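# Geometric and topological summary
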Amino acid sequence: MTPKSLQERSLKLCEEAGELAQAVLSATGAPGSAYKNLKLDDVREEAADAAIVALSVLAQTCDDEAMFQEQLDQLFAQKCDKWQSVPKRGV
């Protein structure tokens with residue numbers, strides 16, 4: 001099997017994000033989506049699928065496993081710091 005290109009992996013991520021959105025809409029009873037009868041378990045499953053594909057995109061941009069781990073650690077730390085610095089509304 002030929003490995004997926006970066007573009008193919010990115011499109012797969014979009015597909016998984018769409019499935020996650022569908023699960024959220026259904027699980028929260030959004031108009032027009034409740035008939036799918038999805039639950040929070042489905043949301044978690046779709047979130048995991050999207051995360052795995054996102055990580056595969058990151059991995060494909062790295063030269064080896066060590067670089068992947070270094071980038072993952074660095075980027076997660078940076079992004080978590082950024083998220084934590086945003087003022088919370090309504091709290």
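Residues numbered from 1 in each chain as written. Predicted model: local features only at pLDDT ≥ 70, side-chain atom pairs only at ≥ 80, totals over all residues. Heavy atoms only, no water.

## Digging into the environment of Lys79
- Structurally, Lys79 is set in helix α3 (residues 65–85).
- In this structure Lys79 comes out as partly exposed when scored by relative accessible area, which is 46%.
- With 56 residues separating them in the primary sequence, Lys79 and Ala23 have C-alpha atoms 25 Å apart. (Helix = DSSP H or I, 4+ residues; strand = E, 2+ residues; numbered from the N terminus. Buried < 20%, exposed > 50% of the residue type's maximum accessible area, 1.4 Å probe, protein only.)

## Comments concerning helix α2 (residues 40–60)
- Helix length check: α2, at 21 residues, gives a terminal C-alpha distance of 30 Å against a target of 30 Å (1.5 Å per residue), a fit within 8%.
- Of all the positions in α2, only Val43, Glu46, Ala50, Val53, Ser56, Val57 and Leu58 are classed as buried.
- Residues of α2 that are buried in the fold lie against α1 (6–27) and α3. (Expected span 1.5 Å × (residues − 1). Contact = heavy atoms within 4.5 Å.)

## Structural notes on α1
- Over its 22 residues, α1 extends 31 Å from the first C-alpha to the last, a length consistent with the 32 Å expected when each residue adds 1.5 Å.
- Within the span of α1, buried status applies to Glu16, Ala23 and Ser26. Looking down the long axis of α1, one finds its buried residues gathered within 80° of arc, a one-sided arrangement. Facing away from the buried surface of α1 by more than 90 degrees, the exposed residues are Gln7, Leu11 and Cys14.
- Structurally, α1 contributes buried residues whose contacts are with α2.
- Note on α1: the residue one or two positions beyond its end, Gly29, has a positive phi of about 75°. (Arc of directions from axis to C-beta.)

## Comments concerning the confidence of the model for the protein
- Predicted confidence across the protein gives a mean pLDDT of 95, with 98% of residues reaching 70 or more.
- Confidence scores differ between elements of the protein, with α3 showing the lowest mean pLDDT of 96 and α2 the highest of 98. (pLDDT = per-residue confidence, 0-100.)

## Some remarks on the environment of Asp42
- Among the structural elements, Asp42 can be located in helix α2.
- Along the chain, Asp42 and Glu65 lie 23 residues apart, while their C-alpha atoms are 30 Å from each other.
- Only 2.7 Å separates the side chain of Asp42 from the backbone nitrogen of Lys39, close enough to count as a polar contact. (Polar contact = N/O pair within 3.5 Å; in protein donor to acceptor, adjacent residues only side chain to side chain.)

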